[in-house]
Amino acid sequence: MVIVGSTGTGKTQTIKAIIYELSKGDRRVPFFIVDFMNEYGDVVKTVLDPMKGVFINPLELLGEPPSTVKYKIAGLLGRIFLQKKAVIQERQLRKAIQRAYESAGIMEKDEKTWHKPSPKFSCIERFLEELAEEGNKEAERVLWRLEPLFDLPIFSEETQIPLKEILEMCRDTYQ
């Protein structure tokens, strides 16, 4: 679902109405909202405001192999931030994520390493910069397109609330 419109046209109120309706009855839908403007606290219990210092790390493995998380994160960021059909750019992002895991000592074929602390999200930026410095133009484009994510504080610090806990909070809210 995509909701677009100019300032003051009712986007936030429309989203609130949808959340309200989907959270009623027997088939409640859990919601996870990152709210920079504190606009949704009245309709959902689990709201994170990254500007108040709530940080998460999308590179946490949560029991999955690094390759699974690498493809999920690269695919998600690719759909949101990269150009359509930018498979080469998404590949560069996967390379940077892979390098980040390896720099943290997390190896795909060694399951014992999967319990090590996950790399920070900022590692992706560093490895994209390295690829760009090696003359990789697609990595440079990815770096440019993901710049807002590297600038915002939500993914830039150590995890304070593990993603697993956030998902459990969302689940518990609706049970």
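Our subject is the structure listed above.
Residues numbered from 1 in each chain as written. Predicted model: local features only at pLDDT ≥ 70, side-chain atom pairs only at ≥ 80, totals over all residues. Heavy atoms only, no water.

On to the pattern of salt bridges, then. For the structure on display, the rule yields six salt bridges. Close ionic contact of glutamate 90 with arginine 94 constitutes a salt bridge, the shortest N to O distance being 3.5 Å. Note that glutamate 90 and arginine 94 are positioned in helix α3 (residues 87-103) at a spacing of four residues, about one turn of the helix. Classification of glutamate 90 by relative accessible area gives partly exposed; the value is 22%. (Salt bridge = Lys/Arg side-chain N within 4 Å of Asp/Glu carboxyl O. Helix = DSSP H or I, 4+ residues; strand = E, 2+ residues; numbered from the N terminus. Buried < 20%, exposed > 50% of the residue type's maximum accessible area, 1.4 Å probe, protein only.)

Attention now moves to the packing of helix α4 (residues 122-133) against helix α5 (residues 137-145). Relative orientation and spacing of two packed helices are given, respectively, by the angle between their axes and the distance between those axes. At a minimum axis separation of 7 Å, α4 and α5 run at an interaxial angle of 145 degrees. Judged by the sense of rotation from one axis to the other, the crossing of α4 with α5 is left-handed. The segment α4 lies against α5, with Glu125, Leu128, Glu129, Leu131 and Ala132 engaging Ala139, Glu140, Val142 and Leu143. Taken together, the residues of the contact of α4 with α5 sort by class into six nonpolar, no polar and three charged. (Axes fitted to C-alpha atoms, helices over the stretch in contact; angles between N-to-C directions. Left-handed = near helix turned anticlockwise from the far one by under 90°. Contact = heavy atoms within 4.5 Å. Nonpolar A, V, L, I, M, F, W, Y, C, P; charged D, E, K, R; others polar.)

The subject of this paragraph is the packing of aromatic side chains. Summed over the entire model, instances satisfying the criterion amount to one aromatic pair. With a centroid separation of 5.5 Å and an interplanar angle of 35 degrees, the aromatic rings of phenylalanine 121 and phenylalanine 150 are classed as tilted. Of this pair, phenylalanine 121 sits in the loop between α3 and α4 while phenylalanine 150 sits in helix α6 (residues 147-151); the two residues are 29 residues apart in sequence, bridging distant segments of the chain. Take phenylalanine 121: its relative accessible area is 2%, and that puts it in the buried class. Just above the ring of phenylalanine 127 sits the side chain of arginine 126; from NZ or CZ to the centre is 4.6 Å. (Phe/Tyr/Trp six-rings, centres within 6.5 Å; stacked < 30°, edge-to-face > 60°. Lys NZ or Arg CZ within 6 Å of the ring centre and 35° of its normal.)

On to the nonpolar core. Counting residues in hydrophobic clusters, the biggest one holds 30 residues, and the most contacted among them are Leu93, Ile97, Ile124, Leu128 and Leu146. Broken down by secondary-structure element, the contributors of at least two residues to this core are α2 (66-81), α3, α4, α5 and α6. Setting aside chain neighbours within four positions, we find leucine 128 in contact with Gln92, Leu93, Ala96, Ala139, Val142, Leu143, Leu146 and Phe150. (Core = buried A, V, L, I, M, F, W, Y, C linked by side-chain atoms within 4.5 Å.)

Bringing the packing of α3 against α5 into the picture now. Relative orientation of the contacting elements α3 and α5 amounts to 80 degrees, with a least axis distance of 8 Å. When the axes of α3 and α5 are compared, the pair comes out roughly perpendicular. Between α3 and α5, the contacting residues are Ile88, Gln89, Gln92 and Leu93 on the first element and Glu138, Ala139, Arg141, Val142 and Arg145 on the second. Grouping the amino acids of the contact of α3 with α5 by side-chain chemistry returns four nonpolar, two polar and three charged. (Parallel < 35°, antiparallel > 145°, perpendicular 65-115°, else oblique.)

Everything listed is a geometric property; what it means functionally is a separate question.
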